[in-house]
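# Structural overview
What follows is each chain in one-letter form.
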Amino acid sequence: MAKEKSDTYEGLARRYRPQTFDEVVGQGHIVRTLTKAIENGRWAHAYLFIGGRGLGKTTMARLLAKALNCKKGPTTTPCCRCDSCLEIAAGRDIDVLEIDAASNTGVDNVRDTIIQAVNTSAARARVKTFIVDEVHMLSTAAFNALLKTIEEPPSNVLFVLATTEGHKVPVTIRSRCQRFDFRPIPEETLVARLQTIAKKEKIKINKEALTLICRYAEGGVRDALSALDLVRSYNDKAITRKEVEEALGLVPHEEVQAIVEAISEGSADEVVSRVGSLVKSGIDPMEIVRGLVSSWRELLVASFERKGGMAEMSRGRIIRSLETLLETAARMRTSRFPRIELEVLLGRLCGLGLRDTSLRAIHEELKRLAAQTIPDDRNIILSGPPDDLEKQSRMKEQKFRGEKKAASADRLKGVSEEARLRRNEIRSFVQETSPLRNASSTPPPAPADSNSPKRRDAKKISGKRKAAREAVDPAAQEIATLFNADLISIEEN
Ligand SMILES: [Zn+2]
């Protein structure tokens, strides 16, 4: 019984922390590169690990330190029994220093703990290792001090810099490190991992419940295992979706579906009363937003697979709803009035069905879409409206392919894909609203140059269409120029 208690205290996340490279789940691309480097004795002196929390950055850093320092090493299969292995695993080896930059941001601290430590040779370990967590939190001065060391690293010194926000690490540092991006673990892989662990721990839990836990953990093993711990301590019967929802304070699935249904029908009263009783029952408003985000994401996926979601919603509306949800979610994290944020959100979601179809509103929406730039977390400095971005990134991609820089080319391909999607979204918006513009009865635009190609094309179309085209508000003309969307071709379609 006493043993049982101490086991629970240790926590699943700690007990199942990978001790060898082949126990690492979902980061195969990193494991392959690192083990190859160790086998060839060509490991880098500085690594940059980028990725969300709980994806195993520190674990991977310790594994690397173990592999290089094991008595039997350097080896890709550290023994896990020698003093080095045991002490590194416990995080108390004198030659493997773990520094939390979030609490050591001063330049003096970095100089003390890193620079001086580098100059004193390793006590026992072969490779003196510095694991700097949340490295983006270092001050500029601290980065400069670090840079000097990384530029000319003494042999037998290894730096592993870990961060959740790679773009905040100065380029000078990034360019001197070998970079690895930690990916969220795919749902199926994570569910399978949890199933194995649940079996070993004799936890009775069905697959639906495990899937819910994995979604809650957003692809992180550590968070998933902590959640499983919590759910298990909450009850010792067989665990289903319902128990997980209760233990983690999630919104019941059917309830989320009912709210989405009510929103799609525009029944604001029903939405408000359902959400009101959820909040009253003690559910965090943020959880309600999370539930809605995942529901809308499912609708979006279904719309791409042409299955048609449970609610008959256009893809445009689904995307706009998701954008609204994500904006609110970001704001709610720091808001002092989460409940009010939630209510405003619900109002907006219900209102999105009754879109403001005035030309001014359409114009505003298009300007907003065009002004959006593609977020740049890929180390690529590009910005501008989607059309330009797509061209820019395509050209650079080809250039990189020519120079055989496959990784950079692939990243750029991602950017151009994203730009293409954004452009299509704008196009479909223009087309969707085209009949509305044609129906408007505002004054005709100033006559265009009669020799322009557009004008010549216009002569071909029927008088009725021409009249409709000329009835278009100047704002719509501006929209057309803005997006190279030829009004005539839209009418032909
Ligand atoms: Zn060992």
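This report concerns the structure included in the present document. (Residues numbered from 1 in each chain as written. Predicted model: local features only at pLDDT ≥ 70, side-chain atom pairs only at ≥ 80, totals over all residues. Heavy atoms only, no water.)

## Description of the overall build of the protein
Heads up, the condition is: Strands are runs of DSSP state E lasting at least 2 residues, helices are runs of H or I lasting at least 4, and numbering of each runs from the N terminus. Using a 1.4 Å probe on the protein chains alone, a residue whose accessible area is under 20% of its type maximum counts as buried, one over 50% counts as exposed, and one in between counts as partly exposed. Contacts were defined at the residue level, with two residues in contact if any of their heavy atoms lie within 4.5 Å. What sets the accessible areas is the Shrake-Rupley method with a 1.4 Å probe; for residues, cover comes only from the shown protein chains.
A count of helices and strands for the protein gives 25 helices and five strands. Out of the 493 residues in the protein, the part that is buried amounts to 46%. Within the protein, contacts between residues separated by at least 24 positions form 70% of all contacts whose residues are at least 6 apart in sequence. With an accessible surface of roughly 26400 Å², the protein has 51% of that area assigned to carbon and sulfur atoms.

## Quick look at the sheet that holds strand E3 (residues 128-133)
Just so we agree on the cut-off: Only strands joined by at least two bridges in the DSSP assignment are considered to pair. Only the stretch in contact is used when fitting a helix axis, every axis being a line fitted to C-alpha atoms; angles between N-to-C directions are given from 0 to 180 degrees.
Spatially, five strands are ordered E2-E3-E4-E1-E5 in an open sheet, and the strand pairing comes out parallel. Because the sheet does not close on itself, it has two edges, and the strands there are strand E2 (96-100) and strand E5 (178-181). Direction aside, the axes of adjacent strands within the sheet are offset by 15 degrees on average. Bridging between strand E1 (residues 46-50) and strand E4 (residues 157-163) involves five bridges; their strand directions are parallel.

## What to know about the nonpolar core
Convention followed: Here, the term nonpolar core denotes a set of buried Ala, Val, Leu, Ile, Met, Phe, Trp, Tyr and Cys residues that are joined through side-chain atoms within 4.5 Å.
Counting residues in hydrophobic clusters, the biggest one holds 30 residues, and the most contacted among them are Ile288, Leu292 and Trp296. Every element with two or more residues in this core is listed here: helix H13 (253-264), helix H14 (268-280), helix H15 (285-304), helix H16 (315-332) and helix H17 (338-351). A per-element tally of this core places H15 first, with eight residues. Not counting residues within four places of it along the chain, the set of residues in contact with Ile288 comprises Val251, Val275, Leu278, Val279, Ile283 and Leu342.

## Observations concerning the packing of aromatic side chains
Condition: Side-chain rings of Phe, Tyr and Trp (the six-membered ring for Trp) are treated as a pair once their centres are within 6.5 Å; stacked means planes under 30 degrees apart, edge-to-face means over 60, and tilted covers the remaining angles.
Inspection of the entire model under this criterion finds five aromatic pairs. Ring centres 6.3 Å apart and planes at 50 degrees place the aromatic pair Tyr47 and Phe49 in the tilted group. By the burial criterion, Tyr47 is buried, and Phe49 matches it. Taken together, a centroid distance of 6.0 Å and an interplanar angle of 65 degrees make the contact between Phe49 and Phe180 edge-to-face. Residue Phe49 is located in strand E1, and its partner Phe180 is located in strand E5; the two are separated by 131 residues in the primary sequence. The class of Phe180 is buried, set by a relative accessible area of 6%. Feature note: the residues Tyr47, Phe49, Phe180 and Phe182 constitute an aromatic cluster, connected by ring pairs.

## A closer look at the coordination of the zinc ion
To keep things clear, this is the line we draw: A donor here means an N, O or S atom no more than 2.8 Å from the metal, or no more than 3.2 Å when the metal is Na, K or Ca. Since water is not included, a site may seem to lack partners.
The coordination sphere of the zinc ion, as far as protein atoms go, consists of Cys70 (SG), Cys79 (SG), Cys82 (SG) and Cys85 (SG), spread over 2.3 Å. Along the chain, the residues donating to the zinc ion fall in the pattern C-x8-C-x2-C-x2-C. The class of Cys79 is buried, set by a relative accessible area of 16%. With a relative accessible area of 1%, Cys85 lands in the buried category.

## Some words on the environment of Ile150
By the secondary structure assignment, Ile150 is in helix H7 (residues 140-151). Taking relative accessible area as the criterion, Ile150 reaches 7% and is therefore assigned buried. Taking C-alpha positions, Ile150 is 7.7 Å from His45, a pair spaced 105 residues apart along the chain. In contact with Ile150, other than residues within four places in its own chain, are Ala46, Phe159, Leu161 and Arg176.

## Points about the state of the cysteines
Disulfides are covalent bonds that connect the sulfur atoms of two cysteines. What counts here: Any pair of cysteine sulfurs within 2.5 Å is marked as a disulfide.
Using the criterion set out here, one finds zero disulfides in the structure. Here Cys80 stays free of any disulfide, with the sulfur of Cys85 as its closest cysteine sulfur at 5.3 Å. For Cys80, a relative accessible area of 25% puts it in the partly exposed group.

## Structural notes on unusual backbone geometry
Excluding glycine, a negative phi dihedral is what most residues carry, and trans is how most peptide bonds are arranged. You will see that Glu134, though not glycine, has its phi angle at about 50 degrees, which is positive. In this fold, Glu134 is placed in the loop between E3 and H7. Within the chain, Lys202 stands out as a residue other than glycine whose phi angle is a positive 55 degrees. Here Lys202 lies in the loop between helix H9 (187-200) and helix H10 (207-216).

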